Amino acid sequence: MSFHHPQPDDHGTVGGVPVLRVVRQGPEAVHFISSALEEGQEVHIKLDWERRFDHMQQHSGQHLITALAETMFGYKTTSWELGRQRSSIELDTASVKPGEMDALEAAVNEKIRAHIPVTVKLLSIDDPAVEKVRSRGLPDDHAGPIRIIDIEGVDANMCCGTHVSNLSHLQIIKILGTEKGKKNKTNLIFIAGNRVLKYAEKSYNIEKSLTVLLKTGADEHVDAVDKIQKTVKRLQKSNLTILRDMAVLIAQNFKNKTDRGNFFSLHNKDGDNEFMNIIANEIGFQDTVIFLTVGEEKGAGLFLLAGPENIVTEVGPRVSELLQGKGAGKAGRYQGKANSLVKRAEAESLLREHSSKLTAGEE
């Protein structure tokens with residue numbers, strides 16, 4: 001099954017120089033290295049064995065799963081992908097039945113325990129034995145003999161990848177589950193060998209961290225997170241209600257002042273656009289300049305400028321610039337995001353100046 005999904009290349013060093021990539025060109029393996037070597041010199045080649053063995057485990061694991069998925073359930077493999085964390089096999093079926101993946105996993109691991117040999121045979125292209133082998137055709141630039149991977153009594157398969165010499169070297173295969181694939185296909189997700197150990201270690205470490213954070217055992221983690229999310233939603237809702245009520249009270253408080261003048265400025269750590277708009281609407285900005293900001297005092301946040309249209313249109317962009325922001329305005333409102341509220345005081349005095357012209361203009 002030479003799926004036209006080549007397995008990832010080997011890494012290592014040639015004469016101490018790291019190999020970045022290896023690609024096949026016809027019968028040649030072309031190595032890309034990080035610096036030049038002298039032609040004709042003798043070099044020591046070192047293979048990144050951990051990477052190679054990992055690919056061997058995943059690739060032989062795929063052959064085994066593919067063979068048994070077909071013999072047990074008639075699901076043919078149409079392609080597969082050796083991923084960095086987990087691999088997927090595309091099965092030619094729209095769905096799998098409950099229990100099938102458990103049965104497949106059990107059968108696969110049974111074969112691993114039976115320590116079945118895996119051999120490589122090289123056949124010439126006109127050998128009649130080639131016909132009996134499962135394959136999806138050869139690449140256009142194929143050269144040389146045909147390579148067959150034979151899992152004794154289980155599968156014979158055309159393949160140019162690297163494989164283990166015995167199924168026992170796979171140690172274990174975990175089928176993590178299935179996902180809906182392309183039209184009428186199902187993707188089977190699996191990990192083999194050392195990846196299972198790494199996955200167990202990673203899962204255990206996450207579990208340990210969550211146990212500390214959630215102060216509950218692993219079996220209660222999901223419930224605990226669910227509870228927290230519901231609580232957060234509830235608190236956000238009540239927080240919003242309180243902020244709205246507060247906005248109305250802030251506005252009324254300003255309106256009830258006898259010496260209120262025609263400029264109102266406020267910064268609040270909490271709040272959103274709605275909070276600021278409620279204040280502006282409640283106070284009214286036909287003859288009052290209003291400058292509101294929410295967010296971290298010296299950090300990022302939101303701003304709203306409201307007032308007589310001519311003033312807002314003139315000063316809006318300048319305020320936005322002082323707050324390193326992006327804003328837009330219409331009908332006496334100019335609002336947007338502020339990337340830094342450090343120069344808030346400068347923006348405020350600029351607006352105070354303009355609102356004093358308002359009084360002068362009226363008299």
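The model shown is predicted, which means the values in this text are computed figures rather than measured ones. Throughout this description, residue numbers start from 1 for each chain and increase along the sequence as written. Residue-level local features of this predicted model are given only where pLDDT is at least 70; pairs of side-chain atoms are given and counted only at 80 or more, and the full residue set underlies all totals for whole chains, interfaces and linings. Hydrogens and water are ignored here; the side-chain numbers use all heavy atoms of the structure.

## Points about the overall build of the chain
Part 1: Secondary structure elements follow DSSP: runs of H or I of four or more residues count as helices, runs of E of two or more count as strands, with numbering from the N terminus. What the chain contains, in helices and strands, is 7 helices and 16 strands.
Part 2: Using C-alpha atoms as the atom set, the radius of gyration is obtained and then compared with a globule rule of 2.2 Å times the number of residues to the power 0.38. At 34 Å, the chain has a C-alpha radius of gyration far larger than the 21 Å of a compact globule built from 363 residues.
Part 3: Here the C-alpha coordinates of the chain stretch approximately 105 × 55 × 40 Å along the principal axes.
Part 4: For the chain, the residues scored as buried account for 39% of the 363 residues in total.
Part 5: Every residue pair with non-hydrogen atoms within 4.5 Å of one another is taken to be in contact. Nonlocal contacts in the chain, meaning residues at least 24 apart in sequence, comprise 62% of its contacts between residues at least 6 apart.
Part 6: Surface exposure here means Shrake-Rupley accessible area, sampled with a 1.4 Å probe, where a residue is shielded only by the protein chains that are shown. Carbon and sulfur atoms make up 53% of the accessible area of the chain, which amounts to about 21,500 Å² in all. Accessible area is worked out with a 1.4 Å probe on protein chains only. A residue is then buried under 20% of its type maximum, exposed over 50%, and partly exposed in between.

## A word on the pattern of salt bridges
Part 1: Every case where a carboxyl oxygen of Asp or Glu lies within 4 Å of a side-chain nitrogen of Lys or Arg is listed as a salt bridge. For the structure shown, the criterion picks out 16 salt bridges.
Part 2: As a salt-bridge pair, Arg113 and Glu110 come within 3.0 Å of each other at their nearest N and O atoms. Residue Arg113 and its partner Glu110 are located together in helix α2 (residues 100-113), separated by 3 residues, close to a single helical turn.
Part 3: Taking the relative accessible area as the measure of exposure, Arg113 reaches 57% and is therefore exposed.

## Section: the sheet that holds strand β9 (residues 155-158)
Part 1: At least two bridges found by DSSP between two strands is the condition for calling them paired. Read from one edge to the other, the open sheet built from 3 strands follows the order β7-β8-β9, with strand pairing classed as antiparallel. Whereas interior strands pair on both sides, the edge strands pair on one side only; in this sheet they are β7 (118-123) and β9. With direction set aside, neighbouring strand axes in the sheet form an average angle of 25 degrees.
Part 2: For strand β8 (residues 146-151) and β9, the ladder comprises 4 bridges, and the chain directions are antiparallel. Within β9, the residue paired with Asp150 across the bridge is Ala156. A fitted line through C-alpha atoms serves as each axis, taken over the contacting stretch for helices, and the angle formed by two N-to-C directions is quoted from 0 to 180°.

## Regarding helix α4 (residues 221-255)
Part 1: A helix is expected to reach a length of 1.5 Å times the quantity of its residues less one. When the terminal C-alpha atoms of α4 are compared, their 51 Å separation across 35 residues agrees well with the 51 Å that a helix rising 1.5 Å per residue should span.
Part 2: Among the residues making up α4, those that are buried are His221, Ala224, Leu243, Ala247, Ile250, Ala251 and Phe254.
Part 3: Along its buried surface, α4 packs onto α3 (194-214), β12 (263-268) and α5 (273-283).

## Examining the environment of Phe32
Part 1: Here Phe32 shows up in strand β3 (residues 28-33).
Part 2: Residue classification places Phe32 among the partly exposed residues on the basis of a relative accessible area of 40%.
Part 3: For the pair formed by Phe32 and Ala107, sequence separation is 75 residues and the distance between their alpha carbons is 41 Å.

## A word on the nonpolar core
Part 1: Among buried residues, those of type Ala, Val, Leu, Ile, Met, Phe, Trp, Tyr and Cys that are joined through side-chain atoms within 4.5 Å constitute a nonpolar core. One finds Leu64, Ile65, Leu104, Val108, Ile173, Leu188 and Phe190 to be the most contacted residues of the largest nonpolar core, which totals 31 residues.
Part 2: Every element with two or more residues in this core is listed here: α1 (49-73), β6 (87-91), α2, β8, β10 (173-180) and β11 (186-192).
Part 3: Within the second largest apolar cluster, 18 residues are counted, among which are Ile250, Ala280, Phe285 and Leu292.

## Here's the deal with a nonpolar patch on the surface
Part 1: A contiguous nonpolar surface patch, about 240 Å² in accessible area, is contributed by Leu37, Val43 and Ile45.
Part 2: Here Ile45 lies in strand β4 (residues 45-47).
Part 3: Assessed through its relative accessible area of 61%, Ile45 is described here as exposed. The patches described consist of residues with a relative accessible area above 30% and no salt bridge, like charges being joined within 9 Å and nonpolar side chains (Val, Leu, Ile, Met, Phe, Trp, Tyr) within 5 Å.

## Describing the packing of aromatic side chains
Part 1: When the centres of two rings from Phe, Tyr and Trp lie within 6.5 Å, Trp using its six-membered ring, the rings pair. Their planes under 30 degrees apart give stacked, over 60 give edge-to-face, and anything left gives tilted. Scanning the model with the defined rule gives 4 aromatic pairs in all.
Part 2: A ring pair is formed by Phe254 and Phe264, whose centres lie 4.7 Å apart and whose planes are at 50 degrees; its orientation type is tilted. A residue pair is termed long-range when its members are at least 10 positions apart, and Phe254 in helix α4 and Phe264 in strand β12 qualify at 10 residues.
Part 3: Between Phe303 and Tyr334, the ring centres sit 6.3 Å apart and the planes meet at 25 degrees, which makes this aromatic pair stacked. Here Phe303, found in strand β14 (residues 301-306), pairs with Tyr334, found in strand β16 (residues 333-338); they are 31 residues apart in sequence, far enough to count as distant. A single burial state applies to Phe303 and to Tyr334, both of which are buried.

## Quick notes on α1
Part 1: With 25 residues, α1 extends 35 Å from end C-alpha to end C-alpha; this agrees with the ideal 36 Å at 1.5 Å per step.
Part 2: Any pair of nitrogen or oxygen atoms within 3.5 Å is treated as a polar contact; in protein, a donor-acceptor pairing is required on top of that, and neighbouring residues in sequence qualify only through side-chain atoms on both sides. Put simply, Asp48 is the residue that caps the front of α1, since its side-chain oxygen is 3.4 Å from the backbone nitrogen of Glu50.

## What to know about the environment of Asp92
Part 1: Positionally, Asp92 belongs in the loop between β6 and α2.
Part 2: When the C-alpha positions of Asp92 and Ser320 are compared, they lie 57 Å apart, and in sequence the two are 228 residues distant.
Part 3: Not counting residues within four places of it along the chain, the set of residues in contact with Asp92 comprises Lys76, Thr78, Asn184 and Lys185.
Part 4: A polar atom in the side chain of Asp92 sits 3.1 Å from the side chain of Lys185.

## Section: the confidence of the model for the chain
Part 1: Confidence scores labelled pLDDT are given residue by residue by the predictor and lie between 0 and 100. Taken over all residues, the pLDDT of the chain has a mean of 90, while the share at 70 or more is 94%.
Part 2: Element-level mean pLDDT values for the chain span from 79 in helix α7 (residues 344-362) up to 98 in β11.

## Examining the sheet that holds β6
Part 1: Taken in spatial order, the 4 strands line up as β5-β6-β11-β10 in an open sheet, and their pairing is antiparallel. Whereas interior strands pair on both sides, the edge strands pair on one side only; in this sheet they are β5 (77-81) and β10. The average angle at which neighbouring strand axes cross in this sheet is 25 degrees, direction not considered.
Part 2: Across 4 bridges, the pairing between β5 and β6 is antiparallel. When the bridges of β6 are listed, Glu81 appears paired with Ser88.
Part 3: Docked against the sheet, α1 engages β5, β6, β10 and β11, running at close to 135 degrees with respect to β11.

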